[in-house]
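Listed here are the chains, written in short residue letters.
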Amino acid sequence: MHDVHAHSATLKRLEKSAGSLAAQAIARMDETLPWYRAMPPENRSWIGLVAQAGIAAFTEWFRHPDAPQAISTDVFGTAPRELTRAITLRQTVEMVRTTIEVMESAIDEVAAPGDESVLREALLVYAREIAFATAQVYAQAAEARGAWDARLESLVVNAVLSGEADEGAVSRAAALGWNSPEHVCVVLGTAPDGDSELTVEAIRRAARHAKLQVLTGVLGDRLVVIAGGSDNPIAVAKSLIGPYAAGPVVAGPVVPDLLAATRSAQAAAAGLKACSAWQDAPRPVLADDLLPERAIAGDPSAREQLVEEIYRPLEEAGSALLETLSVYLEQASSLEGAARMLFVHPNTVRYRLRRVTDVTGWSPSDVRSAFTLRIALILGRLVDGDLQL
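The text that follows walks through the structure, step by step, so that each part is easy to find. (Residues numbered from 1 in each chain as written. Predicted model: local features only at pLDDT ≥ 70, side-chain atom pairs only at ≥ 80, totals over all residues. Heavy atoms only, no water.)

1. Some words on the pattern of salt bridges
Throughout the structure, instances matching the rule amount to eleven salt bridges. With a closest N to O distance of 2.8 Å, Glu315 and Arg312 form a salt bridge. Pair noted here: Glu315 and Arg312 are both in helix H14 (residues 300–316), with a separation of three residues, about one helical turn. For Glu315, a relative accessible area of 34% gives the class partly exposed. In this structure, the salt-bridge partner of Asp384 is Arg312, at a minimum N-O distance of 3.0 Å. (Salt bridge = Lys/Arg side-chain N within 4 Å of Asp/Glu carboxyl O. Helix = DSSP H or I, 4+ residues; strand = E, 2+ residues; numbered from the N terminus. Buried < 20%, exposed > 50% of the residue type's maximum accessible area, 1.4 Å probe, protein only.)

Spelled out as structure tokens, the structure:
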């Protein structure tokens, strides 16, 4: 490229002026870059060291132009890894550009007579190399951060699923950008075959489109999404359903925060396990819509929920509602049949059944709701029978 001996005078002048060039670069940054002025002193000093290292690396590169140079190590190795978090890629490009411009403006002073074009050409090539080095440093930092974030996210998701979520999990989630939304639910389904990272990225895209916060991961054959920002779990599940493999997708109930998300996750997991018993279940389906199947499959929380949310309110509303509902269900949902058994007018039965709907939220005239009510009655009687024993 060039004869080092022929340009030794330029090299000496370059070495001698390195300090003043770095000082000029720092002064120019202070003058033209608002973000640099706003930085804490520690970060500004690291940037100063990077600028000095860049000029020193150019001097060394000019001395041995044909030797392979690890520019990124020479220049950015002086700064701590945290600097890539504190300074964006755009800011680093502006810093490098400012330093190169200062060096370029000093070429006529630094270069020995006749060496101006050689030094200018060398600086041009070096600027290209430093641009590639900058991109590499940030790409490596992003890659390392991405791998670390994925591990962190997996820990949080696993803690929620296993019931071990604590304040540590909340702080780890915060480090991932989770800003404690008010409404949280967990959506579970089967993970597709292939690269789990692509699946996770597809969930993130869907979440951004739906304006949801998510923590997600593939655990075994299950795709788990903890979603925040909506009080409608079925709408959440519908907006995120694309990346799931074929098969049931179950949305747990909405809970107030990440610490309570275990309850949503356990309901969704129990629903996923029991979903095969309801072959016509919608996709996605709410875990609460699978309460009877979950109860039959042995889920204690589903049994408790059916007793506490259906049987007990009916019991408290008066014996007439429980008796009417029981007879109506036994009479194959016939108003006339129930009225005959109860010795009341069919309109009385109709009124009481409407009251059952008001009290429980489940309509006895709907086949699916009637099944849920029947299971709730059975479980309530079993509990009361145990208590009497």
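Read on, since the account is not over.
2. Side note on the packing of aromatic side chains
For the structure shown, the criterion picks out three aromatic pairs. Here the aromatic cluster, defined as three or more aromatic residues joined through ring pairs, consists of Phe58, Phe62 and Tyr126. In this arrangement the basic side chain of Arg368 is found over the ring face of Trp278, its NZ or CZ atom lying 3.5 Å from the centre. (Phe/Tyr/Trp six-rings, centres within 6.5 Å; stacked < 30°, edge-to-face > 60°. Lys NZ or Arg CZ within 6 Å of the ring centre and 35° of its normal.)

3. Side note on a negative patch on the surface
Together, Glu164, Asp166, Glu167 and Asp257 give the surface a local cluster of negative charge. Looking at the element boundaries, Glu164 is found in the loop between helix H8 (116–162) and helix H9 (167–175). The exposure class assigned to Glu164 is exposed, which follows from its relative accessible area of 56%. (Patch = residues over 30% accessible without salt bridge, like charges linked within 9 Å, V, L, I, M, F, W, Y side chains within 5 Å. Areas by Shrake-Rupley, 256 points an atom, 1.4 Å probe, with all protein chains shown as cover. Lys, Arg positive; Asp, Glu negative; His and termini not counted. Charge placed at Lys NZ, Arg CZ, Asp CG, Glu CD.)

4. Focus: the packing of helix H15 (residues 319–330) against helix H16 (residues 335–342)
Two elements in contact, H15 and H16, have axes whose closest approach is 8 Å; the angle formed by their N-to-C orientations is 125 degrees. The angle between the axes of H15 and H16 places the two elements in the oblique class. Of the two elements, H15 crosses H16, and the hand of that crossing is right-handed. Here H15 contributes Glu323, Thr324, Val327 and Tyr328 to the contact with H16, which in turn contributes Leu335, Ala338, Met341 and Leu342. Its residues placed into classes, the contact of H15 with H16 shows six nonpolar, one polar and one charged. (Axes fitted to C-alpha atoms, helices over the stretch in contact; angles between N-to-C directions. Parallel < 35°, antiparallel > 145°, perpendicular 65-115°, else oblique. Left-handed = near helix turned anticlockwise from the far one by under 90°. Contact = heavy atoms within 4.5 Å. Nonpolar A, V, L, I, M, F, W, Y, C, P; charged D, E, K, R; others polar.)

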